[in-house]
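Coordinate analysis (summary)
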Amino acid sequence: MRSCRSLRFRAPPISARSLLGGRAPPFVVLGLVIAAVLACGEEEMTAPSAVVAVVEVSPALDTLVALGATLQLQAVARDAGGATISGRTFLWSSSNPGVATVTNTGLVTAVATGTATIRAETGGVFGTATTVVRQVVVTLVVGPTPVALEAAEVVQLSAAATDANGRPVSGVSVSWRSSDTGVATVGSDGVVTAVAPGTVTITAEADGASGQGTVTVLTVELTRLRALKDDPYVSVLLGNVAAATADGLRAAFDAVELGLAEGDDAAVQAAISTARNVLAAGDPGDAVLLAVLGLVLDHLELLLQQHMNP
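Residues numbered from 1 in each chain as written. Predicted model: local features only at pLDDT ≥ 70, side-chain atom pairs only at ≥ 80, totals over all residues. Heavy atoms only, no water.

**A word on the packing of aromatic side chains**
The condition is simple: Any Phe, Tyr or Trp ring, taking Trp's six-membered ring, that has another such ring centre within 6.5 Å forms a pair; planes under 30 degrees apart are called stacked, those over 60 apart edge-to-face, and the others tilted. We count a charge as sitting over a ring when the NZ of a lysine or the CZ of an arginine lies within 6 Å of the ring centre and within 35 degrees of the ring normal.
This structure, assessed with the given rule, holds zero aromatic pairs. The ring of Phe126 carries the charged tip of Arg119 above its face, separated from the ring centre by 3.7 Å.

**What to know about the packing of helix 3 (residues 220–230) against helix 5 (residues 243–262)**
Packed helix pairs are characterised by how far apart their axes lie and by the angle those axes make with each other. Operational definition: Each axis is a line fitted through C-alpha atoms, taken for helices only over the stretch in contact, and angles between the N-to-C directions span 0 to 180 degrees. Strands are runs of DSSP state E lasting at least two residues, helices are runs of H or I lasting at least four, and both sets are numbered from the N terminus onward. Every angle not falling under 35 degrees, over 145, or within 65 to 115 is termed oblique; those three ranges are roughly parallel, roughly antiparallel and roughly perpendicular. Each helix crossing is assigned a hand: it is left-handed if the near helix lies turned anticlockwise from the far helix by less than a right angle, otherwise right-handed if that turn is clockwise. By the convention used here, residues are in contact when the closest approach between their heavy atoms is within 4.5 Å.
Contact pair helix 3 / helix 5: the axes reach a minimum separation of 10 Å and the direction vectors enclose 165°. On the basis of the axis angle, helix 3 is roughly antiparallel to helix 5. Considering only the axes of helix 3 and helix 5, their crossing is left-handed. Of the residues in helix 5, those in contact with Glu221, Leu222, Leu225, Arg226 and Lys229 of helix 3 are Phe253, Asp254, Val256, Glu257, Leu260 and Ala261.

**Describing the sheet that holds strand 6 (residues 91–94)**
Let me state the cut-off plainly: DSSP calls a pair of strands paired once it identifies at least 2 bridges connecting them.
Taking strand neighbours across the sheet as the criterion, the four strands line up as 2-10-9-6 in an open arrangement whose pairing is mixed. Every other strand in the sheet has two partners, leaving strand 2 (61–64) and strand 6 as the edge strands with one partner each. Across the sheet, the axes of successive neighbouring strands diverge by a mean angle of 25°, strand direction being ignored. Pairing between strand 2 and strand 10 (residues 125–133): four bridges, direction parallel. Across the sheet, Leu64 pairs through a bridge with Val133, a residue of strand 10.

**Structural notes on the nonpolar core**
Just so we agree on the cut-off: For this analysis, a nonpolar core means a set of buried residues of the types Ala, Val, Leu, Ile, Met, Phe, Trp, Tyr and Cys, connected via side-chain atoms within 4.5 Å. Residue exposure (1.4 Å probe, protein chains only): buried if accessible area is under 20% of the type maximum, exposed if over 50%, otherwise partly exposed.
Grouped together as the largest cluster of nonpolar side chains are 26 residues, with contacts concentrated most on Leu249, Val256, Leu260, Leu293, Leu300 and Leu304. The set of elements that each furnish at least two residues to this core consists of helix 3, helix 4 (232–239), helix 5, helix 6 (265–280) and helix 7 (287–308). Once residues lying within four places of it in the same chain are set aside, the contact partners of Leu249 are Leu238, Ala275, Val278, Leu279 and Leu293. Judged by nonpolar contacts, the second largest core, of 25 residues, contains Leu64, Ala75, Ala110 and Ala116.

**What to know about the packing of helix 5 against helix 6**
Basically, it comes down to this: In this classification, Asp, Glu, Lys and Arg are treated as charged, Ala, Val, Leu, Ile, Met, Phe, Trp, Tyr, Cys and Pro as nonpolar, and every other residue, Gly included, as polar.
Running from N to C, helix 5 and helix 6 point in directions that differ by 170°, and their axes come no closer than 8 Å. Taken together, the axes of helix 5 and helix 6 lie roughly antiparallel to each other. From helix 5, Thr245, Gly248, Leu249, Ala252, Ala255, Val256, Gly259 and Leu260 reach across to helix 6, where they touch Ala267, Val268, Ala271, Ile272, Ala275, Val278 and Leu279. The residue makeup of the contact of helix 5 with helix 6, split by class, is twelve nonpolar, three polar and no charged.

Nothing here speaks to function; it is all geometry.
Here is the structure:
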């Protein structure tokens, strides 16, 4: 704070007694007052800062629906009369940083589900806002699918839930349903039971979000084909012939399986014909093994003829 400057006058001084007695001209009194004001420091004229009575934080209540989501809070200081006090700096803090953190500018970030009280303080007065973190499921991924089952076989499906930021959501209550219970049923726990040949869509739902997976129940022919492909003896045979021959036969078997799954008899017959051509083009040094694989194809073709001509 600067002190007032001393005043000096060239005119003969006027005594205080003269002033008090009213004998000094009015303009002299006014001039002395103005001079005294100008001689004093500016800080002498500054009004004291307003006293903060209330701090308001907005929004007072809000919910963040994904981990990592943010919310910008605003704080306003007011005096006892309700007038806004500008230029105040606020100290921000969170009652539960494990749920929500806050920066020195009032930016809140969701960390985990729960509730946190956010506080803004200035001048020894504080205001608060409540932030709730509750993840909402946006995506459900059903797995493992697609999956193929034999009649009466079961498989456990699961639904992975994530929020809008792709963060996993735990403890979600999922409901399940099958598009055709005559083909496969699904329990409240996600266990699918094969009933009859066909393909169904299994749907999982939670918080308004849904996910789907496909389950195919194999026909008898498909079941036998799969057993034939997985037979250790056939695997040994394929492992001992030329690589090109083995790869060609595996591709033909896969084409047969696809044709059966889609009910495309022409595709199945074309795949078997391809397998015959692969055997015919095989290495003569593998003649014995190729002959045995030919018998496997004969067996497979017989099964398929029974399927197409019941």
